[in-house]
Amino acid sequence: MEYEFKYIEAKWREFWTQNETYKVTEDTSKSKFYVLDMFPYPSGAGLHVGHPLGYIASDIFSRYKKLEGYNVLHPMGYDSFGLPAEQYAIQTGQHPARTTEQNISRYRDQLDKIGFCYDWTREVRTSSKEYYKWTQWIFIQLFNSWYNPMSNKAEDIQSLIEIFEQHGSQGVNLEILTGDIEKNVAPFTANQWKSLDQKKQLEILMNFRLAYLGESFVNWCSALGTVLANDEVVNGVSERGGHPVERKLMKQWSLRITAYAQRLLDGLELIDWSESIKETQRNWIGRSEGCSIFFPLDASKGGKSKGSSVDYIEVFTTRPDTIFGVAFVTLAPEHDLVFKITAPSQLEQVTSYVAKSKNRSERERQADVNTISGVFTGAYVYHPFTEELIPIWVGDYVLVGYGTGAVMAVPAHDERDYKFAKYFEIQFKQVIIPIDKEHNIEKEAWTEKEGRLTNSDFLNGLSVKEAISKAISEISYKNFGKSRVNYRLRDAVFGRQRYWGEPIPIFYENEIPFALSEKDLPLNLPEVDKYLPTEDGEPPLARAKNWKHKNNCEYELSTMPGWAGSSWYFLRYMDAQNSREFVGKGKAEYWQNVDLYIGGSEHATGHLLYARFWSMFLFDRGHIPFDEPFKKMINQGMILGRSSFVYLIIGENKFVSHSLKEKYNCVPIHVDISMVDNDKLDIKAFRRWRPEYSDAQFICEADGSYICGFEIEKMSKSKYNVQTPDELIDKFGADTLRMYEMFLGPLEQTKPWDTNGITGVHSFLKKFWRLFHITGAFEVTEAEPSKEAMRTLHKTIKKLRDDLDRFSFNTGVSSFMICVNELSDQKCNSRHVLEQLTILMAPYAPHITEEIWEKLGNDKGSLIRASYPLFDQKYLVESSFFYPVSFNGRMRFKLNLPLDLSKEEIQKEALENKDTVKWLEGNIPKNVIVVPGKIINIVF
RNA sequence: GCGGAUGUGGUGAAAUUGGUAGACACGCCAGACUUAGGAUCUGGUGCCGAGAGGUGUGCGGGUUCGAGUCCCUCCAUCCGCACCA
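These numbers come from a predicted model, not from an experiment.

(A) Examining the confidence of the model for chain A more closely. Overall, the predicted model of chain A reaches an average pLDDT of 89, with 97% of residues at or above 70. A low-confidence stretch, residues 303–308 stays under pLDDT 50, and its non-local contacts, those more than four residues away or across chains, total 17 contacts. Reported confidences for the modelled complex are a pTM of 0.92 and an ipTM of 0.94.

(B) Spatial organisation of the protein's contact with RNA strand B. Close contacts around RNA strand B come from 55 residues, with T318, Y402, R416, L744 and K894 the closest. The sugar-phosphate backbone supplies 59% of the atoms of RNA strand B found within 4 Å of the protein. Within the side chain of K894, an N or O atom sits 2.7 Å from a base oxygen of RNA strand B. A per-element tally of the surface near RNA strand B places helix α26 (residues 809–825) first, with six residues. A per-class count over the surface near RNA strand B returns 19 nonpolar, 17 polar and 19 charged.

(C) Region of the structure containing the side chain of S643. Residue placement: S643 occurs in strand β26 (residues 639–649). A polar atom in the side chain of S643 sits 3.0 Å from the side chain of N721.

(D) Expanded view of the sheet that holds strand β36 (residues 927–931). With mixed pairing, four strands are arranged side by side in an open sheet as β35-β34-β37-β36. The outermost strands of the open sheet, each flanked by one partner alone, are β35 (890–898) and β36. Within the sheet, the average angular offset between the axes of one strand and its neighbour, ignoring direction, is 20°. Sheet analysis places strand β34 (residues 880–887) next to β35, joined by eight bridges and oriented antiparallel.

(E) The environment of S644, seen in detail. With respect to the helices, strands and loops of the structure, S644 is situated in strand β26. Sequence separation between S644 and V676 is 32 residues, and the spatial gap between their C-alpha atoms is 7.5 Å. Contact partners of S644, with chain neighbours within four places excluded, come to I669, H670, V671, I673, V676, C708, G709 and F710.

Parameters at a glance
Residues numbered from 1 in each chain as written. Chains lettered and ligands numbered in written order. Predicted model: local features only at pLDDT ≥ 70, side-chain atom pairs only at ≥ 80, totals over all residues. Heavy atoms only, no water. pLDDT = per-residue confidence, 0-100. Contact = heavy atoms within 4.5 Å. Near = heavy atom within 4 Å. Polar contact = N/O pair within 3.5 Å; in protein donor to acceptor, adjacent residues only side chain to side chain. Helix = DSSP H or I, 4+ residues; strand = E, 2+ residues; numbered from the N terminus. Nonpolar A, V, L, I, M, F, W, Y, C, P; charged D, E, K, R; others polar. Pairing = 2+ DSSP bridges. Axes fitted to C-alpha atoms, helices over the stretch in contact; angles between N-to-C directions.

Below is the structure:
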């Protein structure tokens, strides 16, 4: 009987669906285990073989845990809002909901074919009303919350109102509360607060809400017609589409993730994630310790603080030890004070410089970091200690979004300041002298944090480390500034001027934004006639007809970004059908956080940071019982394509085979991998591929075949190297595909896809099948299994358990191969052994094992309730061992000795062996190392 | 520039605690059965060498009886961050 994978796999797919085999409930009699896959965005292209890699691994692990007796939550859903569907809608006029629906059903077909054990009753889609109702609800929770630095957690905004009513803003650390994007609110007393009208009060509260409408510099992408969050901008262009991005001051909905900067950083210590992702998040959060220093403005020169109460410039520095080396102060071009302080004589130059920097895109600014530019404002500040006058410059090497948007420039000890000073010929002095190190201040800055302070008044003679703390305490003592921790992390812009996303549940009354009440949710995405901005540049939602709150108030017109829905989807899976709560308390209590999360590392600074932020917030507000969403994460490596090439001789319609190509003047051309088998080109198919090749000539190898060259590249349509799971499942079956994807190499490693090897795995499954069909018909014996068979079985059990526990899926497949090879050689036909092996293999190859399980006489579909085989050491006990005998560390021969010999006896046996005499070549052994059961090493 | 990861046959890789390097598979070579099938089976296959043997885990050094594994220096590739004060 042949291994008919097509019949078998179709049969079991049908059975699992009909019987809801993989449905899970909150069974408190079992321990839970939560295995999560990263949310796919259902793109039009469907899945290629790289996508399911992580899904297969997590599926194997889920099935293993089920067989181990755990109650495993293993769900799947779709991140179905997003730009590509909307771009497609703009081009074709088709509603994005329709294309999304089509893409999802294609994804579902593909996923189903692979045989995953998802509980589809828990499927979620971010674009469904039932789901985004709760995304909106969470937004409202954020809107109604503030971050209390005293309790160090998010609280209801009501508790802030109470503070204001009782104490005003005294005693509350405004700087921390408002972050540093917006301007600080001037302090007020309780009475002043009470005397404010509602509008004014709400304006002040807006500075504290965790979801807030604020004016800030945002990444504006005009090609996409929307703002983008920092993580959506890569190298100064949009992540999606690669369009230019510029900085623009805009009023935008943002989330105050900065309030959680320290907790997001600290939490990394407690979770089991790859070091590289943790490091990326640390960099992104970018904590630096230092202090802020106030430099009083000089009123006599420049146009000091026109119409402003501010009479100082605040800088942030991590090197307060170099305070006496300050040569100038530089402001970012966008800094508030620039035009308030610029002297009339410099106004023209400053204006043109600022205009020029504003017009440069982010990309340009980043691309030319080596070009130094800047302009003097004509204004000065005083040095807080020496009271010397220090010139104020504007330079675009200072970023408005970092620190205070102003730096104290110390050319002697900072590279950028050094270059700037050299370029503009600004005088400076050295305040740190390196000890025992070659250094020439005329050539470069001394930026190491070592050396002795000089020219620095009270800091003279101190080391850098001592000087930093002394400087900070002196600066605080004299009120020149204060110690401060600064983060690179920015608040996340949350509004998008796009159609295909969750409407932000806000309406405006007298221009004051109010959140919808829970009973008015969901705020449905309205229909529009076009998916483009309006003629006056308003977002697409402005096209919606009669779309008003209570027929009266305007709704917010921007929608949420793609990452909104994916920031909490793992919670919804726990209770996907709940219409009263985003997740029921009991269900969240039972499932807790994700035990194993498998996905790509490309979401390091986006999704993975936002999901942590939302979890911490929901935890603070008592909605979920944990603050870190994903306890352990594994990042699967990318699967690269293996492109094939033919070599066209320039100027001719003639192709030359790989090994002969050097002899001709030719160019490589990508050729579709479906026409290439084991690097041999199917010439007929190639001629049919394109009309211009129909009469192409070929210079072949000696054996008459045309051999293609290859290169490893990303899979893409344009390179004709995309391999879809569908074709492979059609040819070899899902079980083969699953095992082959695992067999390819370690899960976390980037690796090339090579279809050739798949036949090896397929043969293995056939060989496994043959174990049960030795004579052709299905047949197993009840007879006592042989010792060797039991040894093979238990060796495999031990190996598989070890491999699964350390997520080494590739070595697991090898072990099955070894096991089946050995059992075949032994002609093992024992029911006991083969049944145990069947359970062992069930996580990897669920279809074939179900079929065998049924044939073995078990209840149909009961395999998922079997117990994973236990390892018993007693079957592995051996009485003798082939000792490798080494001489000076080099293995020379093997010696079979009983394992119960003592070290001395082993040494004696080894030294008396005739081969030993030969290898000693007359030398006297100096030392003999004996490790029982391992090795003998003779040193001479 | 900073940070992370990775370097082992023709290819994908294995070696989990420092103890027989290259398991398992692809490919290749030889053969069997065949009647052409992407079928199955047997044997071989790191490199050099006819062989004995030598040599071998990116390079160079070190620790050790013994190093792919630990330490130091360097090189290469990939990924992330990058005027972050």
